[in-house]
Amino acid sequence: MDFLIKAFYSAWSLIFGFDPEVYFIVWTSVKVATSATFLASVVGVPVGLVLALRDFRGKPLVMVILNTLMALPTVAVGLLLYAFLSRRGPLGELGLLFTPAGIAAGLFVLALPTVINLTLTAIRSADPRLFVTCKLLGATPVQQAWKILRETRFAVTAAIVVALGRVISEVGIAMMLGGNIKGFTRTMTTAIALETGKGEFELGLALGMILLMVAFGINAVLSLLQRGEG
Amino acid sequence: MRKVLVLVAVFALLAFMTCSVGAETRLRMSTTTSTEDSGLLTVLLPPFEKAAGVKVDVISVGTGKALKLGENGDVDVVLVHARAAEDKFVAEGYGVDRRDVMYNDFVVVGPKDDPAGVKKAKTAVEAFKMLAEGKAPFISRGDDSGTHKMEQSLWKKAGVVPKGSWYVEAGQGMGAVLQMAFDKKGYTLADRGSFIAQEGKLDLAIVFEGDKDIFNPYGIIAVNPKKHPKTQYDLAMKFIDYVTGPEGQKVIADFKLNGKQLFFPSAAKKP
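Rules behind the numbers
Residues numbered from 1 in each chain as written. Chains lettered and ligands numbered in written order. Predicted model: local features only at pLDDT ≥ 70, side-chain atom pairs only at ≥ 80, totals over all residues. Heavy atoms only, no water. Helix = DSSP H or I, 4+ residues; strand = E, 2+ residues; numbered from the N terminus. Buried < 20%, exposed > 50% of the residue type's maximum accessible area, 1.4 Å probe, protein only. Contact = heavy atoms within 4.5 Å. Areas by Shrake-Rupley, 256 points an atom, 1.4 Å probe, with all protein chains shown as cover. Lys, Arg positive; Asp, Glu negative; His and termini not counted. Charge placed at Lys NZ, Arg CZ, Asp CG, Glu CD. Core = buried A, V, L, I, M, F, W, Y, C linked by side-chain atoms within 4.5 Å. Buried area = accessible area lost by both parts, 1.4 Å probe. Salt bridge = Lys/Arg side-chain N within 4 Å of Asp/Glu carboxyl O. Polar contact = N/O pair within 3.5 Å; in protein donor to acceptor, adjacent residues only side chain to side chain. Phe/Tyr/Trp six-rings, centres within 6.5 Å; stacked < 30°, edge-to-face > 60°. Patch = residues over 30% accessible without salt bridge, like charges linked within 9 Å, V, L, I, M, F, W, Y side chains within 5 Å. Axes fitted to C-alpha atoms, helices over the stretch in contact; angles between N-to-C directions. Parallel < 35°, antiparallel > 145°, perpendicular 65-115°, else oblique. Nonpolar A, V, L, I, M, F, W, Y, C, P; charged D, E, K, R; others polar.

This next bit is on the overall build of chain A. Along the backbone of chain A there are 11 helices and 0 strands. Starting at the N terminus and ending at the C terminus, chain A contains elements arranged as α-α-α-α-α-α-α-α-α-α-α. Here the C-alpha coordinates of chain A stretch approximately 65 × 45 × 30 Å along the principal axes. Looking at chain A residue by residue over its 230 residues, the buried ones come to 47%. When contacts within chain A are restricted to residue pairs at least 6 apart in sequence, long-range pairs at least 24 apart make up 76% of them. With the model as given, the accessible surface of chain A reaches about 11400 Å², and the carbon-plus-sulfur share is 73%. Here chain A contributes 18 positively and 12 negatively charged side chains, and the mean placements of these two sets differ by 12 Å.

Okay, the nonpolar core next. Residues and elements named next belong to chain A. Membership of the largest hydrophobic core comes to 75 residues, with the highest contact counts inside it found for Ile-210 and Val-214. Take this core: its biggest share by element is 12 residues, from helix 2 (residues 20-53). Excluding its chain neighbours within four sequence positions, the residues that come into contact with Val-214 are Val-26, Val-30, Ile-168 and Met-188.

Glancing now at the interface of chain A and chain B. Across the contact, 37 residues belong to chain A and 39 residues belong to chain B. Here chain A meets chain B over a buried area of about 3400 Å², counting both sides, of which 59% is carbon and sulfur. Looking at the side of chain A facing chain B, the largest losses of area belong to Phe-38, Arg-87 and Arg-88 of chain A, adding up to 20% of the total buried there. Measuring nitrogen to oxygen at the nearest pair gives 3.7 Å for the salt bridge that ties Glu-36 of chain B to Arg-186 of chain A. Summed over the shared surface of chain A and chain B, the result is 9 residue pairs in polar contact (both at pLDDT 80 or more). Contributions of two or more residues to the side of chain A that touches chain B are made by helix 2, helix 5 (100-124), helix 7 (141-151), helix 10 (188-197) and helix 11 (201-228) of chain A. No other element matches helix 2 of chain A, which puts 6 residues into the side of chain A that touches chain B.

This part covers the packing of aromatic side chains. A ring pair, where both rings are aromatic, is described by two values, the distance of the centres and the angle of the planes. Residue and element names in this part refer to chain A. Applying the stated criterion across every chain yields a total of 16 aromatic pairs over all chains. Between Phe-8 and Trp-12 the ring centres are 6.2 Å apart and the planes differ by 25°, which places this aromatic pair in the stacked class. Within this pair, Phe-8 and its partner Trp-12 are both found in helix 1 (residues 2-16), separated by 4 residues, close to a single helical turn. Residue Trp-12 is classed as partly exposed on the basis of its relative accessible area of 47%.

Below, the discussion takes up a nonpolar patch on the surface. A surface patch of nonpolar side chains, about 590 Å² in accessible area, is lined by Phe-8, Trp-12, Phe-16, Phe-18 and Tyr-23 of chain A. Considering every element that reaches the nonpolar patch, the biggest residue donor is helix 1 of chain A, with 3 residues.

A few words on the packing of helix 4 (residues 63-71) of chain B against helix 5 (residues 83-91) of chain B. All names here are of chain B. It is the contact of helix 4 with helix 5, at a shortest axis distance of 11 Å, that shows an interaxial angle of 10°. By the angle between their directions, the pair helix 4 and helix 5 is classed as roughly parallel. Across the interface between the two elements, Leu-67, Gly-70 and Glu-71 from helix 4 touch Ala-85, Glu-86 and Phe-89 from helix 5. Here the contact of helix 4 with helix 5 is composed, by residue class, of 3 nonpolar, 1 polar and 2 charged.

Following this line, the structure appears as structure tokens:
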């Protein structure tokens, strides 16, 4: 018990001590996670939409693959991307390894299947009469897509929120592609791993609590936006 | 709809900020966890960063991985502690200009009552034989770090193949392994720096120390620019000159944790 109380106390002093290092770590985490989720949504939502509305041969297989990819272990993504981004790899020239952009690229790969899959599920669970009505009213495909997205916006937002939750809490990719560089690519999760490795369990727990609070904040903002949207 | 657009704009801005990499010069160094965890680098790097106007990015991992990153050309310089692996790294042409930086030593730590009676050992090898016979839990780093390599060479010299329920391969950093040794009332091999850093929090004591077999020298190596032309060789050499020069060596000698000196400069001696 003593242990938890101490951790809670140090979490408190970390947050309200306004230590610039802690804030930079939180900022880095939020930055890479939101940008990766944003890009994954820009790509994933339209792909999910098309997959939900179109039938084609081999669709069941695509679905199975997408479902499998949702279980991607983060360290595997990290390792794969490392092989690409290392100076020995095909994309080494970009110099993305051990930069925030490198982490964001890995997180994008992680988030994409989740966004596609959950968008697809969201649209499939919509009222089928919607699709028919749109068509009968003579809407163009783009108009149809827009209407459907508006009608399913809660479920689609939920897809994005799930993806964001997955990327902000993962540690494997951030560690492998970011390298946990102090003042540059250290994120909340890699900082927790580092402090645990040093045996500073209280500090690790404290950072974990901050991570939870940040996730709470982001979700609160998103839910407010959802509600405000009439 | 406006809110959604605002949100999209914010996200896009964040994405842009992530991708714009700063223009400042960065030197990349992979190193072992012990140099960063002990806090040495927080005093060793700033004078160089200030004088040279660069930022040193530290990637702290086990020695095995630190060297691997050098092999792949992902870092400019490596600071590690595993002499045999370092020499191999240089011999295979991945690194150039290896220099001694500093040393400390490894210690065998265990429960204060010392159930395996290791305190009586005369040499490190004898201590390891006793550990194998005593069957008290032994927590191994198991992560190909410098400490792990040292531990393996000691088992080999003792003629023991560590196996069985008493031998725990943790696959974690020194801090976590010390914590595990404490929780399981077991023994482990630790570098003195990491142990001193955590001594106050753990009910563990040094049960064996002071044998030349468990001497722990650190070396610094520049990544070979002929293998990886994109690495910043000149800057790496400037950094090596600083660390092995009088200024860097003094910082190392003056660095203390809990009132104890952790590292002893050794650059004066030629390798």
